[in-house]
Amino acid sequence: MRNILFLAFTILSYLANGQETLDLSYYLPEGVTYNENIPKPVDVIGHEVGEWHVTHDKLMFYMHTLAKVSNRIIIENRGATFEGRPILLLTVTAPKNHANLEELRQSHIALTENTGSSLSVDTMPLVVYQGFSIHGNEPSGANAALAYAYYLAAAEGPEIEELLDNLIILIDPSFNPDGLQRFAYWANTNRSIHLNPDKNEREYHEVWPGGRTNHYWFDMNRDWLPVQLPESRARIASFHKWLPNILTDHHEMGTNSSFFFQPGEPTRVHPLTPKLNQELTKEIATYHAAALDKIGSLYYSEENYDDYYYGKGSTFPDVNGGIGILFEQGSSRGHIQESENGILTFPFTIRNQFTTALSTVEAAKQMRTKILEYQHNFFAQMRNEAAKSKTKAIVFGDKKDAAKTWHLAEILNRHKIKFHELANDVIIQGKEYVKGGSYVVPTNQKNHRLIKAMFEKRTTFTDSLFYDISAWAFPLAFNMDYSEVGSLSNAGEEVTQFKELSGKVDRQSNYAYLFEWHEYYTPKALNKIVNKGLRAKVAKEPFTLEGKKYDYGTIMIPVQNQKLDPEKLYGFLNQVAHGSKIQITAVGTGLTSGIDLGSNDFDPVEKQKVAILVGKGIRSYDAGEIWHLFDTRYDMKITKIDVSYLNEVDLASYSDIILPSSFGTTDLNKKNTDKLKQWIKNGGTLIGYRTVAEWFNKEEIMKLEFKKDTLVAKNISFGQKQDFKGAQVTGGAIFQTKIDRSHPINYGYKDNTLALFRNTNTYIKPSKNSFENPIQYTNNPLLSGYISEENLELIKNSVPFQVKKSGKGKVVIFTDNTNFRAFWYGTNKLLMNAIFFGKMM
């Protein structure tokens, strides 16, 4: 009762006086003394925790200050974000543990190895990794990290000493520095002296894209498995360095919610996660419940959230011998806001996060030997499973695309999965693998299940509801050939030094240079060539020259009549080949078997100027994926035009405009729509994604026919309504298409099938003319993931791509996301083809 009265008094004071009564004691446990030589957050950042939203620079300064004055803390900078902010990690433990920290780490890792059974866990510290605010506009976690780090550094007495003797705590105070900074700026610049809880207050309505994401608008809590972003790469390196026993991930949810801690929905746990993992999670949950009961906070568990996709922070540890725990706090989205549970203050949200950070380490201390034994037994079980598996290795590669193959191997390398070179060229199960462009992954490794989680296809599930995607098979995401084999006979040397690929021009020519379009970085090369003012052409038919076969989409750069003389052209193309990791072939004649190099079946490729519409109504994730693809992969400039000022922009200079998936394109009014229509008729190419298909049809930009669901709920109760609707959501699955490789949209693809990722229920009927359906779903399309029976019928033989002529221009639509989360390398080229070859379609 005393705690509840104190909380009520604090909230009333908060409303009446701003935050004048707020201090650190609101968060800290009672009855603990603190070292006066350790500065409090207010002494360094200039305000109390929760009075303002901490900016990342202040958070960083405070953590560095603690590390300087406390013998319990060391700090390291593991790299930089896209905006140059440091990616920090604090290691907190007893001074005696710091004295031999590397020895303790090695012993901890040894527990997971073959020799682990000889080690005693009686005195072995347990490792806890605690991370905060991976979504920047869920800031209570990062702000709680201030108070939490202070407590660990300054608290005195036998309890904290026992805790630090038995634990090594890794604190990641801000999983998302760029997003945290962006949101803190928004919340602080809109803060009033007299705090206003009115939900209509501007403070609680961020401008697009908001602070949730990183610099390129990625949701970083989906990148633990693909590891495509610098922040992810830093934390995954730390994870595998330490193999923490517990990893916590502190989030926020809707303002009207209370507090969630795992376990989540019991029926939505990935089958590769051990049952004991969930049992231990439930036991740990009793510590959270007791701690929140003590301060009078409402909470729930085993609802809403699941443990399925291993790319999330709270699920990734579960397939790596650890225990991942998600915390979700109802968000104040600023400093104070009305909610169904009463006035929700920012300090209150911080206190719940702080409280469960403490309950986590208390559980870790009390359950230490049990959890260490679980980790040891997990890896022992993995070795037993691997030894019994009929599959001894996975071979993967793309004989035409070494770079894409390399990037899949790069992910394995970051996850400490061993792989070998392919010993010799080989054909397995009808698939051709070449040495230098393929790898062999032994399955008998330390973590057999992690390999399985990355490569497996799964189409049966115990539940029809998913919090995130239901499929992510990496070979399908990379459009990669792969085969499961029963021996290691094809394995060459183990790859211990994972080196960058290189490219070159084989020799100087006085006639022409050629490169096929299959390699991943060919768009980067072509963009540099045409932006240099050089002439380049694309082959619309295959041909053979000087004993080498060239496929659809081969790029030809003639030597004569260029702005560079032959020697300088050779030097420039060498730079391009090296930077793009491709092989360029010099040829001495235009006479081929097939189309000659002077044929009209070589079309000129023009310099492109591309824009993308962003802003209110546009899905920032989709827009960010495209921006990231252009900016970081292909070194291509892309102009971001906000829909709010589209009417003021002269579009005449743009060759292509991309319209990402939207929430109804609310800011594309009739005036802007008419403007886009006229721009297309004048020769522009408009490329739309996903939900834009319906808008194209409605606005008569592109006439399409859709296959619609006619499902009616029968014998479904009101209580079952949400599950009934949820079962019809296609949250993310992979489907097979058949492709027409002669069509320019498919240049660079060597096979007649292509796997596509889909997370919409937009199904377009095919055109009557087969040549207008260059990509079409098969009659048995599901490769991996969940889709309802009704939607499976709709997707069969539908088309995910259409292109139509309008005046002098073109309109292109993709119903699927070809750039999903930066790791869907296999379909990135579809967008590049639409841009470079759209005029040919």
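Quick notes on the rules
Residues numbered from 1 in each chain as written. Predicted model: local features only at pLDDT ≥ 70, side-chain atom pairs only at ≥ 80, totals over all residues. Heavy atoms only, no water. Buried < 20%, exposed > 50% of the residue type's maximum accessible area, 1.4 Å probe, protein only. Helix = DSSP H or I, 4+ residues; strand = E, 2+ residues; numbered from the N terminus. Contact = heavy atoms within 4.5 Å. Pairing = 2+ DSSP bridges. Axes fitted to C-alpha atoms, helices over the stretch in contact; angles between N-to-C directions. Expected span 1.5 Å × (residues − 1). Arc of directions from axis to C-beta. Phe/Tyr/Trp six-rings, centres within 6.5 Å; stacked < 30°, edge-to-face > 60°. Salt bridge = Lys/Arg side-chain N within 4 Å of Asp/Glu carboxyl O. Core = buried A, V, L, I, M, F, W, Y, C linked by side-chain atoms within 4.5 Å. Polar contact = N/O pair within 3.5 Å; in protein donor to acceptor, adjacent residues only side chain to side chain. pLDDT = per-residue confidence, 0-100.

1. Some remarks on helix 16 (residues 522-531)
- Most of helix 16 is tucked away, with 8 of its 10 residues classed as buried.
- Inspection of helix 16 places Thr522, Pro523, Lys524, Ala525, Leu526, Asn527, Ile529 and Val530 among the buried residues, and these make up the whole buried set.
- In this structure, the buried residues of helix 16 make contact with strand 20 (512-515), strand 24 (555-558), helix 17 (566-580), helix 18 (620-633) and helix 23 (828-837).
- Gly533 occupies a position one or two residues after helix 16 and carries a positive phi of about 85°.

2. Quick look at the pairing of strand 30 (residues 656-659)
- Where burial is concerned, the two faces of strand 30 agree: the one with Asp656 and Ile658 and the one with Ile657 and Leu659 are both buried.
- In this sheet, strand 30 lies alongside strand 28 (residues 610-614) in parallel orientation, the contact comprising 3 bridges. Each residue of the ladder has a partner; that of Ala611, found in strand 30, is Ile657.
- Sheet topology note: the strand 30/strand 31 (residues 685-689) ladder contains 4 bridges and is parallel. Each residue of the ladder has a partner; that of Leu659, found in strand 31, is Gly688.

3. Re the sheet that holds strand 30
- Read from one edge of the open sheet, 6 strands run 29-28-30-31-36-35, paired in mixed fashion. Looking along the sheet, the strands with just one partner apiece sit at the ends: strand 29 (638-642) and strand 35 (801-806). Across the sheet, the axes of successive neighbouring strands diverge by a mean angle of 20°, strand direction being ignored.
- Bridging between strand 28 and strand 29 involves 5 bridges; their strand directions are parallel. Bridge pairing links Leu613 to Ile641 in strand 29.
- Helix 19 (residues 670-681) rests against strand 28, strand 30, strand 31, strand 35 and strand 36 (809-814) of the sheet, and its axis sits at about 120° to strand 36.

4. Focus on helix 3 (residues 56-69)
- The end-to-end C-alpha separation of helix 3 is 20 Å, in line with the 20 Å expected for 14 residues at 1.5 Å each.
- Taken residue by residue, helix 3 has His56, Leu59, Met60, Tyr62, Met63, Leu66 and Ala67 as its buried positions. The buried residues of helix 3 all sit within an arc of 165° when viewed along its axis, so they share a single face.

5. Brief notes about the packing of aromatic side chains
- Under the definition given, this model contains 55 aromatic pairs.
- Here the aromatic rings of Phe378 and Phe379 are separated by 5.1 Å at their centres, their planes lie at 85°, and the arrangement is edge-to-face. For the pair Phe378 and Phe379, one class covers both residues: buried.
- Seen in terms of ring centroids, Tyr520 and Tyr634 are 5.5 Å apart; in terms of plane orientation they differ by 35°. Their pairing is tilted. Of this pair, Tyr520 sits in the loop between strand 20 and helix 16 while Tyr634 sits in the loop between helix 18 and strand 29, placing them 114 residues apart in sequence. Both residues of the pair, Tyr520 and Tyr634, belong to the buried class.

6. Topic: the environment of Lys392
- Along the chain, the position of Lys392 falls in the loop between helix 12 (368-388) and strand 12 (393-397).
- A relative accessible area of 27% means that Lys392 is categorised as partly exposed.
- In this structure the C-alpha to C-alpha distance between Lys392 and Ser489, which are 97 residues apart in sequence, comes to 9.9 Å.
- Setting aside residues no more than four positions away along its own chain, Lys392 makes contact with Ala386, Ala387, Val441, Pro442, Thr443, Asn444, Val485, Gly486, Ser487 and Leu488.

7. Let's talk about the pattern of salt bridges
- Counted by the stated rule, this structure contains 41 salt bridges.
- Asp468 is the salt-bridge partner of Arg821, the closest N and O atoms lying 2.9 Å from each other. One end of the pair, Arg821, is in the loop between strand 36 and helix 23; the other, Asp468, is in the loop between helix 14 (448-455) and helix 15 (474-477), and 353 residues separate them in sequence.
- Among the residues examined, Arg821 registers a relative accessible area of 16% and is labelled buried.
- Among the residues examined, Asp468 registers a relative accessible area of 10% and is labelled buried.
- What you see here is one network of salt bridges that share partners, running through Glu138, Arg212, Asp219, Arg222, Asp468 and Arg821.

8. Quick look at the nonpolar core
- Formed by 235 residues in total, the largest nonpolar core has its most connected members in Tyr148, Phe396, Phe630, Ile658, Phe696 and Leu831.
- Counting residues per element, this core draws most heavily on helix 6 (residues 140-154), at 12 residues.
- With sequence-adjacent residues up to four places away left out, Leu831 is seen in contact with Ile626, Leu629, Phe630, Ile658, Ile687, Tyr689, Phe814, Thr818 and Asn819.
- Core analysis: the next-biggest nonpolar cluster, separate from the first, contains 11 residues, Ala512, Ala539, Ile595 and Phe602 among them.

9. What to know about the pairing of strand 9 (residues 323-330)
- For strand 9, the tally of buried residues reaches 8 of 8 residues, placing the bulk of the element in the interior.
- As judged from the 8 bridges shared by strand 7 (residues 246-253) and strand 9, these two strands associate in the parallel manner. Pairing of His251 across the sheet is with Glu328, part of strand 9.
- Two strands pair when backbone bridges link them, and strand 8 (residues 259-261) and strand 9 are joined in this way by 3 bridges, in the antiparallel orientation. Residue Phe260 lies in a different strand from strand 9, and its bridge partner there is Glu328.

10. Topic: the side chain of Asn746
- Turning to its location among the elements, Asn746 is positioned in the loop between strand 32 (733-739) and strand 33 (753-758).
- Asn746 gets classed as buried once you look at its relative accessible area, which sits at 0%.
- Reaching out from Asn746, the side chain makes a polar contact with the backbone oxygen of Asp740 at a distance of 2.9 Å.

11. A short note on the confidence of the model for the protein
- Mean pLDDT over the protein: 95, with 97% of residues reaching 70 or higher.
- With pLDDT under 50 throughout, residues 1-13 is counted as low confidence; its partners more than four residues away or in other chains account for 14 contacts.
- For residues 15-19, every residue scores under 50 in pLDDT, and the model assigns this stretch 13 contacts once sequence neighbours within four places are set aside.

12. Things to note about unusual backbone geometry
- Going from Trp208 to Pro209, the amide bond is cis rather than trans, its omega being 0°.
- Tracing the backbone shows Pro209 in the loop between helix 8 (177-189) and helix 9 (230-242).
- Residue Pro263 is reached from Gln262 by a cis peptide bond, and omega for that bond is 20°.
- Tracing the chain through its elements places Pro263 in the loop between strand 8 and helix 10 (275-295).
- Unusually for a residue other than glycine, Lys416 sits at a positive phi of about 60°.
- Residue position: Lys416 is located in the loop between helix 13 (402-414) and strand 13 (420-422).

13. Examining the sheet that holds strand 32
- Read across the sheet, 3 strands follow the order 33-32-34 without closing on themselves; strand pairing throughout is antiparallel. With partners counted over all chains shown, the strands left at the sheet margins are strand 33 and strand 34 (775-784), one partner each. On average, each strand axis in the sheet is tilted by 35° relative to the strand beside it, whichever way the strands run.
- Examined bridge by bridge, strand 32 and strand 33 share 6 bridges and lie antiparallel to one another. When the sheet's bridge partners are listed, Gln736 is paired in strand 33 with Ala755.

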